[in-house]
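# Reading the structure
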Amino acid sequence: MCIRDSASGGGADCFVYEDFQNLNPGEVPEGWAVKAETGTIAVAERDGEKCLEMNNLTNGDMNITKVFSGQTGIVVLEAEYLFDKVQDYHYLMTVNGGVIGMETSSGGVGMRMIDLSYTNVIPAVEAGRWYHIKIVMDTQTKKYAVYVDNAPTPVCGNLMFKGAAESISQISLGAVYTGGAKYYVDNIKGYTVSQFPATV
């Protein structure tokens with residue numbers, strides 16, 4: 001069951017929720033489209049918990065994508081990430097095919113802007129540590145904010161969508177091979193809230 005944190009109202013009304021606990025290692029979550037010709041995308045165990053392992057093994061890119069009914073208003077997507085080491089061009093969360101893009105670059109995590117510039121979210125990632133990242137989007141103003149580790153204020157806000165999006169209906173997680181570094185994802189959630197920026 002999807003339990004949101006109390007600051008955002010709690011409840012079990014997520015339109016996306018994956019904690020992978022009911023899956024066996026090597027399986028993939030139901031309802032997600034997997035493209036993994038160059039590596040593996042599957043449930044694994046890490047730190048005693050089941051999560052999704054993204055492991056690109058050779059040249060090329062791979063991804064896992066979820067399509068859902070269009071969500072409007074204030075839409076929140078969040079997940080937890082762990083890196084054994086950081087390599088560039090892991091596409092940690094792509095929304096609606098690129099309207100919003102979060103990726104790794106230069107040892108950190110950031111958002112790719114419409115002019116292809118880069119806004120830092122986590123300047124320097126610590127290997128072996130779980131990070132909680134939350135993207136809060138407003139489909140009316142076409143703006144979004146990013147929160148890290150449940151901080152009450154965003155690390156960056158008033159960022160603009162990179163393209164038109166009347167609703168949020170797709171997320172994708174991906175990896176490009178540039179050295180074999182894999183990463184892990186857990187507790188993927190999507191839900192709506194009543195205000196923006198949401199102090200969640």
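Let me sum up the structure you'll find in this document. (Residues numbered from 1 in each chain as written. Predicted model: local features only at pLDDT ≥ 70, side-chain atom pairs only at ≥ 80, totals over all residues. Heavy atoms only, no water.)

Secondary structure assignment for the protein chain yields 0 helices and 15 strands. Taking all 200 residues of the protein chain together, the buried fraction comes to 50%. As displayed, the protein chain has an accessible area near 8,600 Å², and 47% of this comes from carbon and sulfur atoms. (Helix = DSSP H or I, 4+ residues; strand = E, 2+ residues; numbered from the N terminus. Buried < 20%, exposed > 50% of the residue type's maximum accessible area, 1.4 Å probe, protein only. Areas by Shrake-Rupley, 256 points an atom, 1.4 Å probe, with all protein chains shown as cover.)

On to the packing of aromatic side chains. Enumeration according to the criterion identifies 4 aromatic pairs in this entry. Their ring planes at 40 degrees and their centres at 4.8 Å tell us that Phe 15 and Phe 68 sit as a pair that is tilted. Of this pair, Phe 15 sits in the segment before β1 (16-18) while Phe 68 sits in strand β5 (residues 61-71), and the two are 53 residues apart along the sequence. Exposure remark for Phe 68: the relative accessible area of 10% places this residue in the buried category. Consider the rings of Tyr 81 and Tyr 183, whose centres lie 6.5 Å apart with planes at 40 degrees: the pair is tilted. On the criterion of sequence distance, the pair formed by Tyr 81 in strand β6 (residues 74-83) and Tyr 183 in strand β15 (residues 183-193) is long-range, its members being 102 residues apart. Here the two residues Tyr 81 and Tyr 183 agree in accessibility, since each one is buried. In this structure an aromatic cluster arises from ring pairing among Tyr 81, Phe 83 and Tyr 183. Across the ring face of Tyr 131, the terminal group of Arg 129 is positioned such that the distance to the ring centre comes to 4.1 Å. (Phe/Tyr/Trp six-rings, centres within 6.5 Å; stacked < 30°, edge-to-face > 60°. Lys NZ or Arg CZ within 6 Å of the ring centre and 35° of its normal.)

Here 7 strands make up an open sheet; going across it, the order is β2-β5-β14-β7-β8-β9-β10 and the pairing antiparallel. Sheet topology places β2 (32-35) and β10 (118-122) at the edges, where each strand pairs with a single neighbour. Sheet twist, expressed as the average angle between the axes of neighbouring strands with direction ignored, equals 20 degrees. Pairing geometry for β5 and strand β14 (residues 168-176), over 8 bridges, is antiparallel. Directly across from Asp 61, in β14, lies its bridge partner Val 176. (Pairing = 2+ DSSP bridges. Axes fitted to C-alpha atoms, helices over the stretch in contact; angles between N-to-C directions.)

Next up on the list: the nonpolar core. Grouped together as the largest cluster of nonpolar side chains are 46 residues, with contacts concentrated most on Tyr 81, Met 111, Met 137, Tyr 144 and Leu 173. Among the elements that make up this core, the one with the highest residue count is β6 (5 residues). When neighbours within four sequence positions are excluded, Tyr 81 is seen to be in contact with Leu 92, Met 93, Met 102, Arg 129, Trp 130, Tyr 131, Ile 133, Leu 173, Tyr 183, Tyr 184 and Val 185. (Core = buried A, V, L, I, M, F, W, Y, C linked by side-chain atoms within 4.5 Å. Contact = heavy atoms within 4.5 Å.)

Throughout the structure, instances matching the rule amount to 8 salt bridges. The salt bridge involving Asp 47 is made with Arg 46; its shortest N-O contact spans 3.8 Å. Using a relative accessible area of 54% as the deciding quantity, one classes Asp 47 as exposed. Residues participating in the shared-partner salt-bridge network are Arg 46, Asp 47 and Asp 84. (Salt bridge = Lys/Arg side-chain N within 4 Å of Asp/Glu carboxyl O.)

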